[in-house]
Each structure stands twice: as structure tokens, then as C-alpha cells.
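# Structural features, examined
Residue-level listing of the chains:
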Amino acid sequence: MSNEYVFCVSCGIAEVDDVKLKECDDCDLVRYCSDECKQDHKSQHKKACKKRASELRDELLFKQPESSHRGDCPICMIPLPLELSKSTIQTCCSKVICQGCSHANGIREIEGELESKCPFCRKPTPSTYEQCDNQRMKRVEANDPVAIRREGRRQYDKGDYSSAFEYHTKAAELGDVAAHYYLSCMYHNGQGVEKDKGKKMYHMEQAAIGGHPDARYNLGCEEEESGNIERAVKHWIISAKLGDDDSIKELMEKFKEGCVSKDDLAAALRAHQAAVDATKSPQRDAVV
């Protein structure tokens, strides 16, 4: 923020000595010395505030995430692939382990005639569904966002959308990116909650900001439907760089229509391939 704004924009009092000014809750344009000054100046600031808040939101929304929401395998520290089938979640610790590390651990245990244990926390592997359920619920009770989201998906698959919504909401509040994505879908379909486009878009954006490629792809589709092709392309470029195949397909179609430049498409293709290659390893390739 510029040094120009070191005074209350409403009453003019300077930020000196014991006077502490606070920025507007929604933008970074002005400061106030009190709630009273903030309220008095509200009508004058409303238009500029709304415009700046929208600009700040877009800065955050269109920032390229460093990686997808899936992160790295905690054992080999290589990015996890987007395909869920190529990794497993441990019920004991909620860690997502890549196929390569799970496979290598299994071979080590077989060859050494060792007890089967979690590749990460080394707790004994549960032998029954009941034991798995008990481990998962312990993680839920410990406020583990991944376990809470998984329980939400379990309730969703059972058709209990109200419970699924509650679990996903709690997981999202605890920072789980995938939970935000699932909430956007539930608000879209009206499952466990009334349909609400505003809340659907909020959770979709939160998921996209967190690096969820499907959420980002969907945002692009939403913008395309609204006629905002430039914004749609921006979303698809971001998700393509995370390794999303559907976004690459959309960019290629838009290239044919003249909406994407040759250079932008080439850069997206290179980044997409780099993201895919980054998830590969000899250990993972050895898994059939």
C-alpha cells in the first residue's frame, strides 16, 4: 500500500503514536481509525471498493499454483499423479502414498517375511473392514481434514447427502481443497443442500486456487458459457500446466477457433508434459 494512505480517509486523523489505522475489510485502498468512520465513509467508498476487491480476487484466482492439490508422495517426495487410481490413502494416518512406494514396501515385506505395515507411519495394516473403519473414524475424531472429507465421500456414496454435506463443509473449513470441490458439485446439483450458484462458484474458486485441476477446468467452462472466452482460456492454461488433459483439449479447440495463440498453446503443451513427467519414476513405472 502507498505511503500516501497513512491517515483515516474519513476524518483525516494521521497514523501516529497510539493511533492505529485499519485497512478496509474488502480492499487495500483506504484506512480507517474506527468503525464509526468506516460506516460514515461507506457510501463514498462502495464503488471503488467493489472494483478493487474484484481486482484483488482475480489476482489470487489467476495465480498459477506451484503444484496440484494432491501434492507430493510423503515417502519419495515426487508429485502425485492426478489419477486417483495411482495412489492409495492410508486409513491409519490419512497419508496419500504413490503406487511405486506402496509396491516397493510390499515387496520388501514379502521378501523379508515381515508384518504388513503402513509405508509411512508403520502402524500394522488392518486385516478387516471393521478395523479400517475404526482407524478412519479415529482420524475423523482427531479433526483430520482428509479423513473427514473421505467420510463425506463415504456418506455421499451411500446416498446420505445431508451427512456428506456436513462432513465436506467441515473438511473445507479445515483447509481441504478437494472438499471445496465436492461442495461446489453439491451446490450445483442440490444434493444435501439447496442449489446455490453463488456458493457453488465460491467453493469452485477456492478449490481452483488450491490447485484442483477439475475445479479450474470447470471454471473455464463456466466462463465459456458466459461468453468470457479470454477468462476461460486463462483457467484452462492454468489447469493444463497442472497436467490436466481435458484443459489441453479445450485449448486445442480454442486454438482452431483463433482464441488461443500458437505461442500460448505451445507453452501450455510443454508445461503440461513437464507436469506429467514430474509424476513419473522408475519405481512407479515398475508397477503393472
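Quick caveat: nothing in here was measured; it's all calculated off a predicted structure.

### Structural notes on the overall build of the protein chain
- Along the backbone of the protein chain there are 12 helices and four strands.
- Compactness check: the protein chain gives a C-alpha radius of gyration of 24 Å against a globular reference of 19 Å for 288 residues, more than 25% above the reference.
- Scored against the burial criterion, the 288 residues of the protein chain give a buried share of 37%.
- Considering only contacts within the protein chain whose residues lie at least 6 apart along the sequence, 47% involve residues at least 24 apart.
- Element-wise, carbon and sulfur atoms account for 49% of the exposed surface of the protein chain, whose accessible area totals about 16800 Å².
- Positive and negative side-chain charges in the protein chain, numbering 43 and 50 respectively, have mean positions lying 1 Å apart.

### Some points on the side chain of histidine 180
- Considering the arrangement of structural elements, one finds histidine 180 in helix H6 (residues 177–189).
- Setting aside its immediate chain neighbours within four residues, histidine 180 contacts Ala172, His203, Gln206 and Ala207.

### Focus: unusual backbone geometry
- Of note in this structure, methionine 77 is not a glycine but carries a positive phi near 60 degrees.
- Residue position: methionine 77 is located in the loop between helix H1 (35–61) and strand S3 (87–89).
- For methionine 77, a relative accessible area of 52% translates into the label exposed.
- One non-glycine residue with positive phi stands out, namely serine 94, at about 65 degrees.
- Mapped onto the secondary structure, serine 94 falls in the loop between S3 and strand S4 (96–98).
- The exposure class of serine 94 is buried, given its relative accessible area of 6%.

Conventions and cut-offs
- Residues numbered from 1 in each chain as written.
- Predicted model: local features only at pLDDT ≥ 70, side-chain atom pairs only at ≥ 80, totals over all residues.
- Heavy atoms only, no water.
- Helix = DSSP H or I, 4+ residues; strand = E, 2+ residues; numbered from the N terminus.
- Rg over C-alpha atoms; globule rule 2.2 N^0.38 Å.
- Buried < 20%, exposed > 50% of the residue type's maximum accessible area, 1.4 Å probe, protein only.
- Contact = heavy atoms within 4.5 Å.
- Areas by Shrake-Rupley, 256 points an atom, 1.4 Å probe, with all protein chains shown as cover.
- Lys, Arg positive; Asp, Glu negative; His and termini not counted.
- Charge placed at Lys NZ, Arg CZ, Asp CG, Glu CD.

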